[in-house]
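Chain by chain, the residues:
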Amino acid sequence: MQTDIEALRAQMREDLKKVDSADTLKNFWQEYLGKNGRIPALMKDLRNVAPEDRPSMGKIINELKNRVQESYKEAEARVKELELTSQNEAETVDITMPAKIRQNGSLHPITLVRNQIIDVFAGMGFEIYEGPEIEDDTHCFTRLNVPKDHPARDMQDTFYLTDELLLRTQTSAGQIRVMDAEKPPIKVLVPGRVFRSDSDATHSPMFHQMEGLVVDKDITLCDLQGMLDELCRNLFGSEVRTRLRPSYFPFTEPSVEVDVSCFECGGKGCGLCKHTGWIEILGGGVVNRKVLENCGIDPDVYSGIAFGIGIERIAMLKYGINNIGLFFQNNIRFLEQFRA
Ligand code: DAH
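Residues numbered from 1 in each chain as written. Predicted model: local features only at pLDDT ≥ 70, side-chain atom pairs only at ≥ 80, totals over all residues. Heavy atoms only, no water.

Right, let's talk about unusual backbone geometry for a bit. Among all residues except glycine, the phi angle is most often negative; among peptide bonds, the trans geometry is most common. Residue Pro185 is reached from Pro184 by a cis peptide bond, and omega for that bond is 5°. By the secondary structure assignment, Pro185 is in the loop between α7 (173-181) and β4 (186-195). Cis peptide bonds are those with omega within 30 degrees of zero, and the linkage from Glu253 to Pro254 qualifies with 0°. Inspection of the secondary structure assignment puts Pro254 in strand β7 (residues 252-261). One non-glycine residue with positive phi stands out, namely Lys274, at about 50°. Mapped onto the secondary structure, Lys274 falls in the loop between β7 and β8 (278-287). Unusually for a residue other than glycine, Asn330 sits at a positive phi of about 55°. (Helix = DSSP H or I, 4+ residues; strand = E, 2+ residues; numbered from the N terminus.)

What follows deals with a nonpolar patch on the surface. A surface patch of nonpolar side chains, amounting to about 260 Å² of accessible area, comprises Ile134, Leu161 and Leu165. Following the sequence through the fold, Ile134 ends up in strand β2 (residues 134-136). (Patch = residues over 30% accessible without salt bridge, like charges linked within 9 Å, V, L, I, M, F, W, Y side chains within 5 Å. Areas by Shrake-Rupley, 256 points an atom, 1.4 Å probe, with all protein chains shown as cover. Salt bridge = Lys/Arg side-chain N within 4 Å of Asp/Glu carboxyl O.)

Let's shift gears to the site of the ligand. Gln170, Ser172, Arg196, Gln209 and Glu211 are the nearest of the 16 residues found near the ligand. One of the side-chain N or O atoms of Gln170 is found 2.8 Å from a nitrogen atom in the ligand. Between the ligand and Glu211 there is a distance of 2.5 Å, counted from an oxygen atom to a side-chain nitrogen or oxygen. For the ligand, whose unbound accessible area comes to 360 Å², protein coverage reaches 91%. Looking at the shell around the ligand, the elements that each hand over two or more residues are β5 (206-216), β8 and β9 (303-310). Its residues assigned to classes, the shell around the ligand shows 4 nonpolar, 10 polar and 2 charged. (Near = heavy atom within 4 Å. Polar contact = N/O pair within 3.5 Å; in protein donor to acceptor, adjacent residues only side chain to side chain. Nonpolar A, V, L, I, M, F, W, Y, C, P; charged D, E, K, R; others polar.)

As far as domains go, the protein chain holds domain 1 (2-90) and domain 2 (109-335). Inter-centroid distance (C-alpha atoms) of domain 1 to domain 2 is 94 Å. (Domains from an automatic or database assignment.)

The subject of this paragraph is the pairing of strand β6 (residues 242-249). The pairing of β6 with β7 spans 7 bridges and is classified as antiparallel. By the bridge assignment, Ser247 is partnered in β7 with Ser255. (Pairing = 2+ DSSP bridges.)

A few words now on the sheet that holds β7. One open sheet accounts for 7 strands, arranged β1-β4-β5-β9-β8-β7-β6; its pairing is mixed. The open sheet terminates on both sides in strands that have one partner only, identified here as β1 (127-128) and β6. Pairing analysis gives 10 bridges linking β4 to β5, with the strands arranged antiparallel. Bridge pairing in β5 places Leu189 opposite Gly212. In the packing of helix α10 (residues 311-319) onto the sheet, contacts are made with β5, β8 and β9, and the angle to β8 comes to roughly 150°. (Contact = heavy atoms within 4.5 Å. Axes fitted to C-alpha atoms, helices over the stretch in contact; angles between N-to-C directions.)

Pasting the structure below:
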């Protein structure tokens, strides 16, 4: 039996060296210390030992058992350590790895121009009003001095929804809504989308306008030019000038077309200004007396100025864009050029 024990001890040392994981540790325990393991088997064999040798044999086996238990504990600690190390290795962060690049978004050029115009007029004390996109004929035309069958209706190709309802063709409809709701002094901007049955390189069925309306005592065309001077210098550079040309709109009298001196050639004449030195940018005028009357404002006491800016047109001029469709295609290569 003694030789059996020596062999077992040697075998155990060998097996112990192979323990390197939770699985092999468990196997080791079952092999030596488990219910059917070798140590309990030795204990059982003690029965077959001569009674006089049993105490000394028993002692040797007990010592062996203690030794195996200690070895097991050491192996257990070692396996834990190994597992921890491999876990740490697996979770290591490689700080030299390049970071994932996240693309920053940017504001749409229409939004940029819209915000810039609002900034200029907000500095002069204008408030913002936003009217409905589905309008009625009265606000969009009749009360703006464009009665039914008036030839001026042909200036805009309207999308009618019913006989009375339509998609607004101009933010000018907002003028009526503001004057219905407020008494002078009035100083508002009406930004918004407008709709016309029109489509080519410079026209889109949906586009954006910014209406301006000022109503107070002693408001004249000079106020209009002063404000638009300020706007143009802000949009196109401090050296540009503006000029007013006579025009016609039913809701203003007199009506003007506003030109800005060409910011590309400084007024000498180039492709952009079609060799005239001037670029037409918006329409405006003195609010027609009839429009004030239509809103219950006494035209002998108050006067007003109004203007309408096409945002796409300004953005196309400012950024050198030759096709209005680019604003609505959402091509990333176009849009990312406006990243601040
Ligand atoms: N509503 C006009 C248009 O869409 C633009 C316009 C012209 C607005 C003169 C005005 C104005 O307020 O006074 O063509």
